[in-house]
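Close look at the chain arrangement
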Amino acid sequence: MDILLVEDSPGDIRLTLEAFRDANPSVRLHVVNDGVEAMAFLRREGGHAQAPRPELVLLDLNMPKMDGREVLAQIKKDESLNLIPTIILTTSEADKDILESYQLQANCYLRKPVELEAFEGLVKQINDFWLTMARLPPPALPT
Amino acid sequence: MAIEVLIVEDNPGDVRLLQEAFHNLENLIHLHLAEDGVAAMAFLKREGVQSQSPRPDLIILDLNLPKMNGREFLALIKADDNLKMVPIIILSSSEADADVSLSYQLHANCFLRKPTQWDAFDAIVRNIGAFWLAKTRLPQQGVGA
(Lines give C-alpha, C1' and ligand atoms only; values in the text may rest on other atoms or scores of the structure.)
Protein backbone atom coordinates (compact mmCIF):
# COMPACT_ATOMS: atom_id res chain seq x y z
CA MET A 1 0.00 0.00 0.00
CA ASP A 2 1.59 3.27 -1.14
CA ILE A 3 0.67 6.56 0.51
CA LEU A 4 2.03 9.94 -0.51
CA LEU A 5 2.54 12.36 2.38
CA VAL A 6 2.88 15.99 1.27
CA GLU A 7 4.21 17.78 4.33
CA ASP A 8 6.94 20.32 5.05
CA SER A 9 7.22 19.99 8.84
CA PRO A 10 9.97 17.51 9.81
CA GLY A 11 8.29 16.86 13.17
CA ASP A 12 4.94 15.98 11.59
CA ILE A 13 6.67 13.78 9.00
CA ARG A 14 8.43 11.89 11.78
CA LEU A 15 5.17 11.43 13.74
CA THR A 16 3.28 10.24 10.66
CA LEU A 17 6.00 7.73 9.74
CA GLU A 18 6.08 6.31 13.25
CA ALA A 19 2.31 6.19 13.57
CA PHE A 20 1.91 4.28 10.28
CA ARG A 21 4.68 1.89 11.29
CA ASP A 22 2.59 1.02 14.36
CA ALA A 23 -0.82 1.08 12.65
CA ASN A 24 0.00 -0.83 9.47
CA PRO A 25 3.53 -2.03 8.63
CA SER A 26 2.49 -2.82 5.03
CA VAL A 27 2.11 0.90 4.27
CA ARG A 28 4.94 2.45 2.25
CA LEU A 29 4.88 6.14 3.09
CA HIS A 30 6.47 8.36 0.43
CA VAL A 31 7.27 11.85 1.63
CA VAL A 32 7.59 15.04 -0.40
CA ASN A 33 8.05 18.49 1.14
CA ASP A 34 6.15 20.84 -1.13
CA GLY A 35 3.51 20.98 -3.82
CA VAL A 36 5.91 21.15 -6.75
CA GLU A 37 7.57 17.93 -5.67
CA ALA A 38 4.16 16.33 -5.00
CA MET A 39 3.04 16.97 -8.58
CA ALA A 40 6.39 15.68 -9.91
CA PHE A 41 5.88 12.48 -7.86
CA LEU A 42 2.31 11.99 -9.09
CA ARG A 43 3.27 12.73 -12.71
CA ARG A 44 6.49 10.69 -12.45
CA GLU A 45 8.66 13.57 -13.55
CA GLY A 46 12.31 14.33 -12.85
CA GLY A 47 13.72 12.12 -10.11
CA HIS A 48 10.31 10.46 -9.63
CA ALA A 49 10.20 8.45 -12.86
CA GLN A 50 9.76 5.20 -10.91
CA ALA A 51 7.20 6.53 -8.42
CA PRO A 52 4.19 4.28 -7.82
CA ARG A 53 0.69 5.68 -8.08
CA PRO A 54 -0.29 6.16 -4.43
CA GLU A 55 -3.50 4.63 -3.11
CA LEU A 56 -4.01 7.70 -0.92
CA VAL A 57 -2.60 11.22 -0.67
CA LEU A 58 -2.25 12.98 2.70
CA LEU A 59 -1.93 16.67 2.00
CA ASP A 60 -0.97 19.59 4.23
CA LEU A 61 -2.42 22.96 3.21
CA ASN A 62 0.29 25.41 4.11
CA MET A 63 3.55 24.66 2.35
CA PRO A 64 6.27 26.52 0.48
CA LYS A 65 6.44 26.85 -3.33
CA MET A 66 3.03 25.38 -4.21
CA ASP A 67 0.56 25.09 -1.35
CA GLY A 68 -1.89 22.29 -0.68
CA ARG A 69 -4.87 24.11 -2.23
CA GLU A 70 -3.06 24.33 -5.55
CA VAL A 71 -1.95 20.66 -5.37
CA LEU A 72 -5.51 19.62 -4.58
CA ALA A 73 -6.90 21.68 -7.48
CA GLN A 74 -4.35 20.16 -9.88
CA ILE A 75 -4.97 16.58 -8.75
CA LYS A 76 -8.74 16.94 -9.03
CA LYS A 77 -8.54 18.56 -12.48
CA ASP A 78 -6.31 15.83 -13.87
CA GLU A 79 -8.33 12.92 -15.27
CA SER A 80 -5.57 10.41 -14.61
CA LEU A 81 -5.10 11.52 -10.99
CA ASN A 82 -8.51 12.76 -9.84
CA LEU A 83 -9.67 9.38 -8.56
CA ILE A 84 -6.90 9.18 -5.94
CA PRO A 85 -8.49 9.89 -2.55
CA THR A 86 -6.87 13.05 -1.21
CA ILE A 87 -7.14 13.75 2.49
CA ILE A 88 -6.36 17.19 3.86
CA LEU A 89 -4.36 16.95 7.07
CA THR A 90 -3.72 20.40 8.45
CA THR A 91 -3.54 22.46 11.62
CA SER A 92 -5.96 24.98 10.13
CA GLU A 93 -9.37 25.13 11.77
CA ALA A 94 -10.59 27.98 9.61
CA ASP A 95 -14.09 27.37 8.22
CA LYS A 96 -12.90 28.99 5.00
CA ASP A 97 -10.14 26.38 4.55
CA ILE A 98 -12.57 23.52 5.26
CA LEU A 99 -15.16 24.81 2.80
CA GLU A 100 -12.61 25.63 0.11
CA SER A 101 -11.04 22.17 0.40
CA TYR A 102 -14.38 20.43 -0.10
CA GLN A 103 -15.20 22.75 -2.99
CA LEU A 104 -11.92 21.71 -4.58
CA GLN A 105 -13.14 18.08 -4.14
CA ALA A 106 -10.92 17.03 -1.25
CA ASN A 107 -12.12 13.59 -0.14
CA CYS A 108 -12.00 14.55 3.50
CA TYR A 109 -10.61 17.16 5.86
CA LEU A 110 -8.86 16.26 9.07
CA ARG A 111 -7.35 18.55 11.63
CA LYS A 112 -3.83 17.65 12.65
CA PRO A 113 -3.82 17.12 16.39
CA VAL A 114 -1.01 18.61 18.46
CA GLU A 115 -0.73 15.89 21.11
CA LEU A 116 1.31 12.83 20.25
CA GLU A 117 -1.33 10.33 21.35
CA ALA A 118 -4.08 12.04 19.42
CA PHE A 119 -1.85 12.11 16.35
CA GLU A 120 -1.23 8.37 16.61
CA GLY A 121 -4.96 7.80 17.14
CA LEU A 122 -5.83 9.77 14.03
CA VAL A 123 -3.37 7.84 11.86
CA LYS A 124 -4.84 4.61 13.18
CA GLN A 125 -8.31 5.83 12.23
CA ILE A 126 -7.14 6.81 8.76
CA ASN A 127 -5.74 3.31 8.43
CA ASP A 128 -8.88 1.63 9.81
CA PHE A 129 -11.29 3.62 7.70
CA TRP A 130 -9.51 4.32 4.42
CA LEU A 131 -7.22 1.33 4.13
CA THR A 132 -9.44 -1.31 5.72
CA MET A 133 -13.08 -0.32 5.33
CA ALA A 134 -13.23 1.88 2.23
CA ARG A 135 -12.88 0.54 -1.27
CA LEU A 136 -10.09 2.41 -3.01
CA PRO A 137 -9.78 2.80 -6.78
CA PRO A 138 -8.14 -0.23 -8.39
CA PRO A 139 -4.47 0.12 -9.35
CA ALA A 140 -3.81 1.99 -12.58
CA LEU A 141 -3.37 -0.12 -15.66
CA PRO A 142 0.22 -0.13 -16.88
CA THR A 143 0.71 2.71 -19.33
CA MET B 1 -26.05 20.52 17.14
CA ALA B 2 -27.54 17.56 15.32
CA ILE B 3 -25.81 16.20 12.26
CA GLU B 4 -28.13 16.03 9.25
CA VAL B 5 -27.59 12.87 7.21
CA LEU B 6 -29.42 12.20 3.93
CA ILE B 7 -29.73 8.55 2.92
CA VAL B 8 -30.52 7.95 -0.74
CA GLU B 9 -31.58 4.33 -0.94
CA ASP B 10 -34.48 2.50 -2.56
CA ASN B 11 -34.26 -0.86 -0.82
CA PRO B 12 -36.55 -0.78 2.26
CA GLY B 13 -34.52 -3.51 4.00
CA ASP B 14 -31.28 -1.57 3.64
CA VAL B 15 -33.02 1.61 4.80
CA ARG B 16 -34.22 -0.22 7.89
CA LEU B 17 -30.75 -1.58 8.67
CA LEU B 18 -29.18 1.87 8.21
CA GLN B 19 -31.79 3.47 10.45
CA GLU B 20 -31.18 0.96 13.21
CA ALA B 21 -27.40 1.18 12.92
CA PHE B 22 -27.46 5.00 12.98
CA HIS B 23 -29.81 4.87 15.94
CA ASN B 24 -27.12 2.92 17.83
CA LEU B 25 -24.58 5.73 17.43
CA GLU B 26 -24.07 8.20 20.22
CA ASN B 27 -23.99 11.20 17.91
CA LEU B 28 -27.15 13.27 17.67
CA ILE B 29 -28.24 12.57 14.12
CA HIS B 30 -31.26 13.53 12.07
CA LEU B 31 -31.73 10.97 9.32
CA HIS B 32 -33.53 11.97 6.14
CA LEU B 33 -34.54 9.52 3.46
CA ALA B 34 -34.92 9.79 -0.29
CA GLU B 35 -35.73 6.73 -2.35
CA ASP B 36 -34.30 7.84 -5.65
CA GLY B 37 -32.13 10.52 -7.21
CA VAL B 38 -35.06 12.73 -8.18
CA ALA B 39 -36.37 12.81 -4.59
CA ALA B 40 -32.86 13.43 -3.26
CA MET B 41 -32.39 16.33 -5.67
CA ALA B 42 -35.73 17.84 -4.59
CA PHE B 43 -34.58 17.56 -0.97
CA LEU B 44 -31.29 19.33 -1.70
CA LYS B 45 -32.87 22.02 -3.83
CA ARG B 46 -35.74 22.43 -1.34
CA GLU B 47 -38.37 21.91 -3.99
CA GLY B 48 -42.02 20.98 -3.59
CA VAL B 49 -42.86 19.45 -0.21
CA GLN B 50 -39.17 19.66 0.72
CA SER B 51 -39.08 23.46 0.99
CA GLN B 52 -38.04 23.30 4.67
CA SER B 53 -35.40 20.61 4.29
CA PRO B 54 -32.06 21.26 6.03
CA ARG B 55 -28.76 21.20 4.16
CA PRO B 56 -27.34 17.71 4.89
CA ASP B 57 -23.88 17.46 6.46
CA LEU B 58 -23.34 14.09 4.82
CA ILE B 59 -25.03 12.08 2.07
CA ILE B 60 -25.03 8.29 1.90
CA LEU B 61 -25.77 7.24 -1.66
CA ASP B 62 -26.62 3.93 -3.28
CA LEU B 63 -25.59 3.63 -6.94
CA ASN B 64 -28.45 1.64 -8.41
CA LEU B 65 -31.63 3.61 -7.97
CA PRO B 66 -34.81 4.10 -9.99
CA LYS B 67 -35.54 7.31 -11.94
CA MET B 68 -32.13 8.97 -11.51
CA ASN B 69 -29.36 6.59 -10.58
CA GLY B 70 -26.60 7.31 -8.08
CA ARG B 71 -23.93 8.05 -10.68
CA GLU B 72 -26.08 10.69 -12.33
CA PHE B 73 -27.03 12.21 -8.98
CA LEU B 74 -23.37 12.25 -7.89
CA ALA B 75 -22.28 13.95 -11.11
CA LEU B 76 -24.98 16.63 -10.78
CA ILE B 77 -24.18 17.41 -7.13
CA LYS B 78 -20.43 17.57 -7.65
CA ALA B 79 -20.87 19.93 -10.61
CA ASP B 80 -23.11 22.28 -8.60
CA ASP B 81 -21.16 25.07 -6.87
CA ASN B 82 -23.77 25.35 -4.13
CA LEU B 83 -23.88 21.63 -3.32
CA LYS B 84 -20.56 20.06 -4.24
CA MET B 85 -19.00 20.62 -0.82
CA VAL B 86 -21.42 18.19 0.84
CA PRO B 87 -19.49 14.95 1.40
CA ILE B 88 -21.02 11.95 -0.39
CA ILE B 89 -20.29 8.40 0.70
CA ILE B 90 -21.20 5.72 -1.84
CA LEU B 91 -22.66 2.63 -0.18
CA SER B 92 -23.13 0.08 -2.90
CA SER B 93 -23.28 -3.67 -3.28
CA SER B 94 -21.44 -3.34 -6.59
CA GLU B 95 -18.12 -5.13 -6.63
CA ALA B 96 -17.14 -3.80 -10.05
CA ASP B 97 -13.82 -1.95 -10.16
CA ALA B 98 -15.34 0.30 -12.83
CA ASP B 99 -18.01 1.50 -10.37
CA VAL B 100 -15.37 2.30 -7.76
CA SER B 101 -13.15 4.19 -10.23
CA LEU B 102 -16.03 6.06 -11.80
CA SER B 103 -17.39 7.08 -8.39
CA TYR B 104 -14.06 8.57 -7.35
CA GLN B 105 -13.66 10.25 -10.73
CA LEU B 106 -17.08 11.84 -10.23
CA HIS B 107 -15.71 13.09 -6.87
CA ALA B 108 -17.48 10.78 -4.49
CA ASN B 109 -15.75 11.38 -1.16
CA CYS B 110 -15.50 7.70 -0.46
CA PHE B 111 -16.77 4.29 -1.58
CA LEU B 112 -17.97 1.62 0.83
CA ARG B 113 -19.17 -1.83 -0.09
CA LYS B 114 -22.68 -2.50 1.17
CA PRO B 115 -22.49 -5.59 3.33
CA THR B 116 -24.96 -8.43 3.29
CA GLN B 117 -24.88 -9.29 6.99
CA TRP B 118 -26.43 -7.22 9.76
CA ASP B 119 -23.24 -7.30 11.87
CA ALA B 120 -21.21 -5.90 9.02
CA PHE B 121 -23.85 -3.22 8.37
CA ASP B 122 -23.62 -2.17 11.97
CA ALA B 123 -19.81 -2.09 11.78
CA ILE B 124 -19.82 0.06 8.65
CA VAL B 125 -22.17 2.58 10.22
CA ARG B 126 -20.12 2.60 13.43
CA ASN B 127 -17.04 3.36 11.31
CA ILE B 128 -18.88 6.14 9.48
CA GLY B 129 -19.81 7.51 12.90
CA ALA B 130 -16.28 7.26 14.30
CA PHE B 131 -14.55 8.66 11.24
CA TRP B 132 -16.92 10.97 9.37
CA LEU B 133 -19.06 12.22 12.22
CA ALA B 134 -16.39 12.45 14.93
CA LYS B 135 -12.96 13.00 13.34
CA THR B 136 -13.62 14.60 9.99
CA ARG B 137 -14.23 18.33 9.77
CA LEU B 138 -17.38 18.75 7.71
CA PRO B 139 -18.24 21.99 5.92
CA GLN B 140 -20.16 24.40 8.11
CA GLN B 141 -23.92 24.27 7.80
CA GLY B 142 -25.28 26.85 5.45
CA VAL B 143 -21.94 28.30 4.41
CA GLY B 144 -21.98 29.01 0.72
CA ALA B 145 -25.72 28.38 0.51
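Above: the structure in question.
This report concerns the structure included in the present document.

Calculation rules
- Residues numbered from 1 in each chain as written.
- Chains lettered and ligands numbered in written order.
- Predicted model: local features only at pLDDT ≥ 70, side-chain atom pairs only at ≥ 80, totals over all residues.
- Heavy atoms only, no water.
- Pairing = 2+ DSSP bridges.
- Helix = DSSP H or I, 4+ residues; strand = E, 2+ residues; numbered from the N terminus.
- Axes fitted to C-alpha atoms, helices over the stretch in contact; angles between N-to-C directions.
- Contact = heavy atoms within 4.5 Å.
- Buried area = accessible area lost by both parts, 1.4 Å probe.
- Salt bridge = Lys/Arg side-chain N within 4 Å of Asp/Glu carboxyl O.
- Polar contact = N/O pair within 3.5 Å; in protein donor to acceptor, adjacent residues only side chain to side chain.
- Nonpolar A, V, L, I, M, F, W, Y, C, P; charged D, E, K, R; others polar.
- Buried < 20%, exposed > 50% of the residue type's maximum accessible area, 1.4 Å probe, protein only.
- Phe/Tyr/Trp six-rings, centres within 6.5 Å; stacked < 30°, edge-to-face > 60°.
- Parallel < 35°, antiparallel > 145°, perpendicular 65-115°, else oblique.
- Left-handed = near helix turned anticlockwise from the far one by under 90°.
- Core = buried A, V, L, I, M, F, W, Y, C linked by side-chain atoms within 4.5 Å.
- Right-handed = clockwise from strand over helix to strand, strands pointing away.

Here we come to the sheet that holds strand E2 (residues 29-34) of chain B. Residues and elements named next belong to chain B. Pairing is parallel in the open sheet, where five strands are placed in the order E2-E1-E3-E4-E5. Edge positions in the sheet fall to E2 and strand E5 (110-113), since each of these pairs with one other strand and no more. Averaged over all pairs of adjacent strands, the angle between their axes in this sheet comes to 20 degrees, without regard to strand direction. Sheet analysis places strand E1 (residues 3-8) next to strand E3 (residues 58-61), joined by four bridges and oriented parallel. Its bridge partner lying in E3, leucine 6 is registered against isoleucine 59.

On to the interface of chain B and chain A. Tallying the contact residues gives 34 residues for chain B and 29 residues for chain A. Of the roughly 2,800 Å² buried at the junction of chain B and chain A (both faces included), carbon and sulfur atoms supply 60%. Taken as a group, Tyr104(B), Phe131(B) and Arg137(B) account for 26% of the area that chain B buries against chain A, more than any other trio of residues on that side. Between chain B and chain A we count two salt bridges in total. The salt bridge partner of Glu93(A) is Arg137(B), with a shortest N-O separation of 2.9 Å. Linking chain B with chain A are 11 residue pairs in polar contact (both at pLDDT 80 or more). Tallied by class, residues from the side of chain B that touches chain A come to 18 nonpolar, eight polar and eight charged.

Among all positions of helix H4 (residues 95-103) of chain A, only Asp97(A), Ile98(A), Leu99(A), Ser101(A) and Tyr102(A) are buried. Turning to H4(A), the residues buried within the fold contact helix H3 (68-77), strand E4 (86-90) and strand E5 (108-111) of chain A together with helix H5 (118-135) of chain B. Of the residues one or two after H4(A), Gln105(A) is the one with positive phi, at around 75 degrees.

Before going further, it helps to examine the packing of aromatic side chains. This model, assessed by the stated rule, comprises five aromatic pairs over all chains. Summarising the aromatic geometry, the rings of Phe129(A) and Trp130(A) are spaced 5.8 Å apart at their centres and angled 75 degrees between planes, so their arrangement reads as edge-to-face. In this structure Trp130(A) comes out as buried when scored by relative accessible area, which is 0%. Relative to Trp132(B), the ring of Phe131(B) has its centre 5.9 Å away and its plane inclined at 75 degrees; by these criteria the two rings are edge-to-face.

For the rest of this paragraph, the subject is the pattern of salt bridges. Pairing between side chains becomes possible if they bear opposite charge and their charged atoms approach one another. Residues and elements named next belong to chain A. The tally for this structure, following the rule as stated, stands at 24 salt bridges over all chains. The shortest N-O distance in the salt bridge between glutamate 93 and arginine 111 comes to 3.5 Å. Placement of the pair is glutamate 93 in the loop between E4 and H4 and arginine 111 in strand E5, with a sequence separation of 18 residues. Overall, glutamate 93 belongs to the partly exposed group, its relative accessible area being 44%. Taking the relative accessible area as the measure of exposure, arginine 111 reaches 32% and is therefore partly exposed. Here the salt bridges do not stand alone but share partners, grouping Glu7, Asp12, Asp60 and Lys112 into one network.

This part takes up the packing of helix H2 (residues 37-45) of chain B against helix H3 (residues 70-78) of chain B. The geometry of a pair of packed helices is captured by two quantities: the angle between their axes and the separation between those axes. All names here are of chain B. As a packed pair, H2 and H3 sit with axes 9 Å apart at the nearest point and diverge in direction by 25 degrees. By the angle class used here, H2 and H3 are roughly parallel. Every pair of crossing elements has a handedness; the one defined by H2 and H3 is right-handed. Where H2 abuts H3, its residues Gly37, Ala40, Met41 and Leu44 lie against Phe73, Leu76 and Ile77. Split into classes, the residues belonging to the contact of H2 with H3 amount to six nonpolar, one polar and no charged.

Another point: the sheet that holds E4(A). What holds strands together in a sheet is hydrogen bonding between their backbones, with the strands either parallel or antiparallel. Residues and elements named next belong to chain A. Sheet architecture is open: five strands sit in the order E2-E1-E3-E4-E5, paired in parallel fashion. Of all strands in the sheet, those with a lone pairing partner are strand E2 (28-32) and E5, marking the two edges. When the angles between neighbouring strand axes are averaged without regard to direction, this sheet yields 20 degrees. In terms of strand pairing, E4 meets E5 through four bridges, oriented parallel. If you follow isoleucine 87 over to E5, its bridge partner there is cysteine 108. Where H3 meets the sheet, it contacts strand E3 (56-59) and E4, and its direction lies at approximately 175 degrees from that of E4.

Another point: the nonpolar core. One finds Ile126(A), Trp130(A), Phe22(B) and Trp132(B) to be the most contacted residues of the largest nonpolar core, which totals 93 residues. Setting aside residues up to four positions removed in sequence, Ile126(A) forms contacts with Phe20(A), Leu56(A), Leu58(A), Ile87(A), Leu110(A), Leu131(A) and Phe131(B).

Below, the discussion takes up the pairing of E4(A). Consecutive side chains of a regular strand alternate in pointing toward one face of the sheet and then the other. All names here are of chain A. Of all five residues in E4, five are buried; the element is thus mostly enclosed. The alternating pattern of E4 places Thr86, Ile88 and Thr90 and Ile87 and Leu89 on opposite faces, both of which are buried. In this structure, E3 lies alongside E4, joined through three bridges in parallel fashion. Along E4, the bridge assignment pairs valine 57 with threonine 86. You can see the chain leave E3, run along H3 and come back into E4, and the turn it takes is right-handed. At this point the chain moves from E4, through H4, to the parallel E5, and the crossover so formed is right-handed.

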